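# Close look at the chain arrangement
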Amino acid sequence: MKNKIATLFDCIKTLCESDIERIISFVLGIVSANQQPDRPACPHCGHAHVIKYGHTKEKQRFFCHGCRQTFLYSTGTLAYHSHFSRSIWADFIRDTLDGKTLDDSAEGLGFSHQTAFNMRHKVLMAFQDMLEKEPAILSGIAELDETFVLDCYKGKQLPEEVSRAARRHGAKAAKRGISSEYVAICTGIQRDGKAVAETVNRAKPSGKELCGIFSTHIAEETLVLTDGLRSYKSLEASTGCTVVNVNTQKGKKVFNLNVVNSLHSYIKEMYVHYRGVATKYINRYNALFSIAFRCANSLADSLFHSLCNIGNGCFWHGVYDIHNYNLVVL
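Within the element layout of this structure, Asp151 appears in the loop between β4 (141–150) and β5 (182–190). At a separation of 3.0 Å, a polar atom in the side chain of Asp151 contacts the side chain of Arg202. Look past the residues within four positions of Asp151 in its chain and what remains in contact with it is Arg164, Arg167, Ser180, Glu181, Val183, Arg202 and Thr279.

What follows is the structure in structure tokens.
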């Protein structure tokens, strides 16, 4: 054992500072991933009078004297009914935030492509639930704009009601300009703050649609910068913000849409990286883009704690939900 420790220290001495920091971060991440309360509160009723109640498939089981139900550490969490350990889920969440493909994650973690697909969408649905439970609030100076991506029926035959021919990856729309082939992603971002991205329509959004997206995300007295689309004016009445058209404020450097445009560039890059995203799943990926933009690495551990630790809310979804939960129909 002493020889192994001496060898380890000799190897550490040869590492550069960045490699040492990565090792420390990795170790701290594994430690935090495996921390569990000795007797967690009941996820069914919140009662604290809980006792240990044997094991189920080598997992500690508990009994609640409040509602008289049994539960596990994973009950109601992302890892519920999963055959994989918490460390595997922690690595997979990090892969998702880093933008790794399904095949890369499957090969690196040792399971099939279909399992990676199911896990990816369970994570994305949990992100959606988390953002609905704790919506991002834009305040101070916020930038709102929309970007457009081609509709996509990736993974299935083109429906009969679609009038266009099937496209190959990287192909362009049949018509010039913004047409019904494009899906709008309405985005908002606070400078040095959180981001919001959601899809509800094709082509340009209406005032009613924008209110439906942003009314719960904009604080009062927020200065909202836009590109002049008149639909954004409806937000003033519903949220109490002030909407300013940056095109009428030339010469004032603070009035620009640089931050939201960088978010659009990030979304477009991720779409190319993923070789397109099926339109019915687009809001799941919008939740990912909202979270991962700017700070994916620093959020990985806290997101794992939120999604996989008992008592933080129910973020569990089964395989049935993957094909039926919160799909976008346009």
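Our focus in this paragraph is the pairing of strand β2 (residues 59–64). Pairing geometry for strand β1 (residues 50–56) and β2, over five bridges, is antiparallel. Opposite Val50, over in β2, you have Cys64 as the bridge partner. The hairpin formed by β1 and β2 contains two residues between the paired strands, and Lys57 there has a positive phi angle of roughly 50°. Strand direction decides the pairing type here: β2 and strand β3 (residues 70–72), joined by three bridges, are antiparallel. Considered in β3, the bridge of Arg61 is made with Leu72.

What follows deals with the environment of Val272. In this structure, Val272 sits in helix α8 (residues 258–273). When its relative accessible area of 66% is taken as the criterion, Val272 is described as exposed. A sequence separation of 102 residues divides Val272 from Gly170, and the C-alpha atoms of the two residues are 8.2 Å apart.

For the rest of this paragraph, the subject is the sheet that holds β1. If you trace the three strands from one edge of the open sheet to the other, you get β1-β2-β3, paired in antiparallel fashion. Of all the strands in the sheet, just β1 and β3 have a single pairing partner and so form its edges. When the angles between neighbouring strand axes are averaged without regard to direction, this sheet yields 35°.

The subject of this paragraph is the packing of helix α5 (residues 113–133) against helix α9 (residues 282–292). With their axes 8 Å apart at the nearest point, α5 and α9 run at an angle of 70° to one another. Overall, the two elements α5 and α9 adopt an arrangement that is roughly perpendicular. Once α5 is placed against α9, the crossing between them reads as left-handed. The segment α5 lies against α9, with Arg120, His121, Leu124, Met125, Phe127, Gln128, Met130 and Leu131 engaging Asn283, Arg284, Tyr285, Ala287, Leu288 and Ile291. Of the residues in the contact of α5 with α9, the class split is nine nonpolar, three polar and two charged.

Conventions we followed
Residues numbered from 1 in each chain as written. Predicted model: local features only at pLDDT ≥ 70, side-chain atom pairs only at ≥ 80, totals over all residues. Heavy atoms only, no water. Helix = DSSP H or I, 4+ residues; strand = E, 2+ residues; numbered from the N terminus. Polar contact = N/O pair within 3.5 Å; in protein donor to acceptor, adjacent residues only side chain to side chain. Contact = heavy atoms within 4.5 Å. Pairing = 2+ DSSP bridges. Buried < 20%, exposed > 50% of the residue type's maximum accessible area, 1.4 Å probe, protein only. Axes fitted to C-alpha atoms, helices over the stretch in contact; angles between N-to-C directions. Parallel < 35°, antiparallel > 145°, perpendicular 65-115°, else oblique. Left-handed = near helix turned anticlockwise from the far one by under 90°. Nonpolar A, V, L, I, M, F, W, Y, C, P; charged D, E, K, R; others polar.

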